[in-house]
Amino acid sequence: MAAKSALPSHLKFSANGNSDSIDGGRHHGKSQSHVAFENTSTSVAASQMRNALNNLADTVKDPKQKQRFETEMDNFFSLFRRYLNDKAKGNEIEWSRIAPPKPEQVVDYNTLSNTDSVEFLSKLAVLKLNGGLGTSMGCVGPKSVIEVRDGMSFLDLSVRQIEFLNRTYDVNVPFVLMNSFNTDSDTASIIKKYEGHNIDIMTFNQSRYPRILKDSLLPAPKTADSPISDWYPPGHGDVFESLYNSGILDKLLDRGVEILFLSNADNLGAVVDLNILQHMVQTKSEYIMELTDKTKADVKGGTIIDYEGQARLLEIAQVPKQYVNEFKSIKKFKYFNTNNVWMNLRAVKRVVENNELSMEIIPNGKSIPADRKGEADVSIIQLETAVGAAIRHFSNAHGVNVPRRRFLPVKTCSDLMLVKSDLYTVKHGQLVLDPTRFGPAPLIKLGNDFKKVSSFQSHIPSIPKMIELDHLTITGAVNLGRGVQLKGTVIIVATEGQTIDIPPGSILENVVVQGSLRLLEH
């Protein structure tokens with residue numbers, strides 16, 4: 001995938017050098033001299049990075065830690081070199097070769113055999129991606145510990161689900177958490193409370209990679225124990241190598257576990273499904289991606305495509321600008337990736353050991369705040385990969401088009417309001433939509449005043465009834481009293497500097513409330 005930024009100025013010099021695995025000659029619209037120059041620049045950038053990583057490794061004194069650190073830096077270096085090669089070659093995806101998935105590449109969930117076949121549960125482990133912090137919702141610590149329902153966090157609900165599975169079917173499905181260096185120590189103290197429970201919890205950390213200084217293409221950290229702001233977790237595509245390097249992969253295989261069901265910690269719809277599990281075993285598929293129908297709210301989500309006969313994941317970041325609208329179209333690309341993935345662990349071991357993984361790289365530009373006032377922030381690049389992009393490395397890999405109930409993420413306080421509402425009840429840790437609800441869940445849009453969980457709770461201390469709600473928009477300083485009911489389309493907009501108080505027990509149906517509304521307490 002092509003990144004738009006040019007190589008830094010100190011690497012731009014004309015010389016003959018050997019390239020690092022770059023094809024010479026066959027380049028679209030680039031002269032021989034241009035190619036030679038880029039090959040040289042890439043070689044220089046790669047060797048400078050390699051030297052800098054060796055120097056970083058030399059700052060680790062403990063031999064065992066050093067070995068682990070070097071493995072991590074080797075993985076990072078191969079990612080960095082692929083990034084340079086892609087940039088020099090202009091490896092943009094060729095839009096003309098992209099087609100919607102073939103019928104055999106996406107199986108409809110409703111066609112799966114509907115049996116409670118439990119014989120395969122002894123081969124299963126469940127993994128939650130637990131590397132994210134709750135910062136976007138104004139919380140400190142792992143996002144998975146935000147309270148979502150009845151005093152329970154994402155983590156509590158997941159533990160309840162697995163416990164119920166183990167108790168009901170007399171099995172022992174292990175629960176695995178992939179933490180990041182941001183969430184590891186907090187998670188370790190939180191999971192102590194589950195020690196008496198009927199569940200085996202295993203944890204491992206995803207990699208800790210050095211952020212890259214945009215100007216020099218050198219690592220931001222100067223030593224292995226440089227501040228945390230110099231490092232980053234490289235996206236969930238890192239799960240394969242981290243699972244392998246941590247030793248958890250072999251531990252699971254030794255226990256007879258062959259299939260791993262992976263999902264985001266904040267997706268409350270991602271529960272173990274026996275039909276998909278059975279389908280995976282029977283079709284001898286090494287990798288299954290759960291997809292669901294796109295709606296207007298999902299146009300940015302990654303989608304499954306057919307690329308020269310192979311199922312692949314296409315993310316919006318990979319799409320050339322002129323085709324973004326086509327990518328977002330619901331007609332051409334009907335599904336999007338829920339990031340619920342089923343994978344065969346023996347196949348994972350094979351692709352890691354054979355070094356077969358080359359997932360598309362997503363360069364993510366960020367900045368590190370300056371140390372001192374008056375100094376400019378430091379521009380950096382993070383190279384990330386997505387777990388869904390690995391679909392092309394596994395045999396008989398395909399998508400299953402699942403019902404929307406399997407995708408219930410909580411990314412914002414708008415999502416939080418939905419899952420806390422009377423639309424759902426909790427059954428064995430699983431959120432179940434009220435059967436009297438007609439149609440899909442309502443669309444909720446809350447303004448900036450509701451961005452953080454604390455401010456959301458102060459404005460809406462009691463979640464309104466919304467079983468008959470279709471659409472809700474609230475912006476500005478709006479406070480909802482207790483026992484409010486919302487029906488149809490409700491829009492409440494407080495003018496800047498004004499406040500709207502919705503009285504307790506109000507029923508709002510197909511209304512627009514604007515301006516200001518203050519109720520005086522008598």
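How each quantity is defined
- Residues numbered from 1 in each chain as written.
- Predicted model: local features only at pLDDT ≥ 70, side-chain atom pairs only at ≥ 80, totals over all residues.
- Heavy atoms only, no water.
- UniProt positions renumbered as here; feature names shortened; annotations may be inferred.
- Contact = heavy atoms within 4.5 Å.
- Helix = DSSP H or I, 4+ residues; strand = E, 2+ residues; numbered from the N terminus.
- Buried < 20%, exposed > 50% of the residue type's maximum accessible area, 1.4 Å probe, protein only.
- Core = buried A, V, L, I, M, F, W, Y, C linked by side-chain atoms within 4.5 Å.
- Pairing = 2+ DSSP bridges.
- Axes fitted to C-alpha atoms, helices over the stretch in contact; angles between N-to-C directions.
- Domains from an automatic or database assignment.
- Buried area = accessible area lost by both parts, 1.4 Å probe.
- Salt bridge = Lys/Arg side-chain N within 4 Å of Asp/Glu carboxyl O.

As recorded in an unreviewed UniProt entry, the protein chain goes by UTP--glucose-1-phosphate uridylyltransferase and comes from Neohortaea acidophila. As recorded by UniProt, the Catalytic activity (unreviewed entry) comment attached to the protein chain reads in full: "alpha-D-glucose 1-phosphate + UTP + H(+) = UDP-alpha-D-glucose + diphosphate".

Engineer: Just to check I follow, could you spell out the UniProt feature "binding site: UTP" (unreviewed entry) in the protein chain for this structure?
Structural biologist: Look at the UniProt record and you will see "binding site: UTP" (unreviewed entry) annotated at K143, Q206, G235, D266 and K411. Among all residues touching Q206, those that are not within four sequence positions of it are E72, G131, M178, N179, S180, P233, P234, G235, D238 and S242. With respect to the element layout, G235 can be found in the loop between strand 10 (231-232) and helix 5 (239-245). Owing to a relative accessible area of 18%, G235 belongs among the buried residues under this scheme. With residues near it in sequence (within four places) discarded, G235 still touches Q206, E384 and T385.

Engineer: Could you clarify how one ought to interpret the nonpolar core in this entry?
Structural biologist: The tendency in soluble globular proteins is for nonpolar side chains to be buried side by side. Formed by 42 residues in total, the largest nonpolar core has its most connected members in L127, F240, L252, Y287, M343 and F394. If one sorts the elements of this core by residue count, helix 9 (residues 345-353) sits on top with 5 residues. In this structure, L127 is in contact with V176, M178, F204, V239, L243, L260, F261, L262 and S263, ignoring residues within four places of it in sequence. By size, the runner-up hydrophobic cluster in this structure holds 39 residues, among which are M137, V148, A494 and V513.

Engineer: I tried to follow the sheet that holds strand 7 (residues 201-205) on my own but got confused; where do I start?
Structural biologist: Hydrogen bonds along the backbone pair up the strands of a sheet, which may run parallel or antiparallel. In spatial order, the strands read 2-18-12-15-11-3-6-7; together these 8 strands make up an open sheet with mixed pairing. Among the strands making up the open sheet, the edge pair consists of strand 2 (106-108) and strand 7. Sheet twist, expressed as the mean angle between neighbouring strand axes with direction ignored, is 25°. Direction of pairing for strand 6 (residues 175-179) relative to strand 7: parallel, over a ladder of 5 bridges. Looking at strand 7, one finds that V176 is bridged to M202. Contacts from helix 9 reach strand 11 (259-264) and strand 15 (335-344) within the one sheet, and its direction differs from that of strand 15 by about 90°.

Engineer: Just to check I follow, could you spell out unusual backbone geometry for this structure?
Structural biologist: Residues other than glycine predominantly adopt negative phi, and peptide bonds predominantly adopt the trans conformation. Even without being a glycine, D150 presents a positive backbone phi close to 45°. Note that D150 resides in the loop between strand 4 (147-149) and strand 5 (152-153). Judged by its relative accessible area of 58%, D150 falls in the exposed class. Phi angles above zero are rare outside glycine, and N355 is one such case at about 55°. Along the polypeptide, N355 turns up in the loop between helix 9 and strand 16 (362-368).

Engineer: What is the right way to read the UniProt feature "binding site: substrate" (unreviewed entry) in the protein chain from this model?
Structural biologist: The feature "binding site: substrate" (unreviewed entry), as annotated in UniProt, sits at H236 in this numbering. Inspection of the secondary structure puts H236 in the loop between strand 10 and helix 5. Those residues in contact with H236, other than ones at most four positions away along the chain, are L129, M178, N264, N339, T385, A386 and V387.

Engineer: I would appreciate a short explanation of the environment of L213 in the present structure.
Structural biologist: By the secondary structure assignment, L213 is in strand 9 (residues 212-213). The spatial distance from the C-alpha of L213 to the C-alpha of S379 is 6.3 Å, given a sequence separation of 166 residues. Not counting residues up to four positions away in its chain, the partners in contact with L213 are L218, P219, A220, K222, V378, S379 and I380.

Engineer: Just to check I follow, could you spell out the sheet that holds strand 14 (residues 310-314) for this structure?
Structural biologist: One open sheet accounts for 3 strands, arranged 1-13-14; its pairing is antiparallel. Bordering the open sheet on either side are strand 1 (98-99) and strand 14, each of which pairs with just one other strand. As paired strands, strand 1 and strand 13 (residues 303-307) are joined by 2 bridges and run antiparallel to one another. Bridged to I98 within strand 13 is Y307.

Engineer: Just checking my understanding: could you explain the domain arrangement of the protein chain for this structure?
Structural biologist: Accessible area lost when the parts come together is the quantity often used to give the size of an interface. When the domains of the protein chain are assigned, the result is domain 1 (97-406) and domain 2 (413-515). Buried area between domain 1 and domain 2, both sides added, is near 1,300 Å², and the carbon and sulfur share of it is 65%. For domain 1, the biggest contributors to the area lost against domain 2 are M137, R149 and L268; these three give 40% of the whole. The interface formed by domain 1 and domain 2 holds 0 salt bridges in total.

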